[in-house]
Amino acid sequence: MDSKYKKVFGGNSIEAHRVELILKDNNIEPILKDESESARLAGFGAPLSDLIQVFVHEDEEVKSLALITQLNRDE
């Protein structure tokens, strides 16, 4: 299956939501994929990891990666 969305970040909840805010501030609508939360909501018990993945449309991948790189430099 060919996806039009690309993963630009993976990290803990705090970092992922920070990336989400930066992207939204720059008119990019990210999609967050939190499999541990999905498992919890489905009743499969406590999550094993706190990894959240951030995806953006392939047309916004380069701009998103530049913003994330800048965010990491500012830390």
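Residues numbered from 1 in each chain as written. Predicted model: local features only at pLDDT ≥ 70, side-chain atom pairs only at ≥ 80, totals over all residues. Heavy atoms only, no water.

Side note on the overall build of the protein
And step 1. Along the protein, the regular secondary structure elements total three helices and three strands.
And step 2. Order of helices (α) and strands (β) in the protein, N terminus to C terminus: β-α-β-α-β-α.
And step 3. When each of the 75 residues of the protein is scored for burial, the buried share is 25%.
And step 4. Carbon and sulfur atoms form 52% of the exposed surface of the protein, whose accessible area is close to 5,400 Å². (Helix = DSSP H or I, 4+ residues; strand = E, 2+ residues; numbered from the N terminus. Buried < 20%, exposed > 50% of the residue type's maximum accessible area, 1.4 Å probe, protein only. Areas by Shrake-Rupley, 256 points an atom, 1.4 Å probe, with all protein chains shown as cover.)

A closer look at the pattern of salt bridges
And step 1. Throughout the structure, instances matching the rule amount to one salt bridge.
And step 2. The partner of Glu 20 in a salt bridge is Lys 24, with the nearest N and O atoms 3.4 Å apart. One end of the pair is Glu 20 and the other is Lys 24, both in helix H1 (residues 13-25) and four residues apart, which spans about a single turn.
And step 3. The exposure class of Lys 24 is partly exposed, given its relative accessible area of 38%. (Salt bridge = Lys/Arg side-chain N within 4 Å of Asp/Glu carboxyl O.)

Some words on the nonpolar core
And step 1. Grouped together as the largest cluster of nonpolar side chains are 12 residues: Val 8, Phe 9, Ala 16, Val 19, Leu 23, Ile 28, Ile 52, Val 54, Val 56, Leu 67, Ile 68 and Leu 71.
And step 2. Elements represented by at least two residues in this core include exactly strand S1 (5-11), H1, strand S3 (52-57) and helix H3 (61-74).
And step 3. Not counting residues up to four positions away in its chain, the partners in contact with Leu 71 are Arg 18, Val 19 and Ile 22. (Core = buried A, V, L, I, M, F, W, Y, C linked by side-chain atoms within 4.5 Å. Contact = heavy atoms within 4.5 Å.)

As for H1
And step 1. Spanning 13 residues, H1 covers 18 Å between terminal C-alpha atoms, matching the ideal 18 Å at 1.5 Å per step.
And step 2. The secondary structure elements touched by the buried residues of H1 are S1, strand S2 (31-33), S3 and H3.
And step 3. Immediately downstream of H1, the backbone of Asn 27 shows phi near 60°, a positive value. (Expected span 1.5 Å × (residues − 1).)

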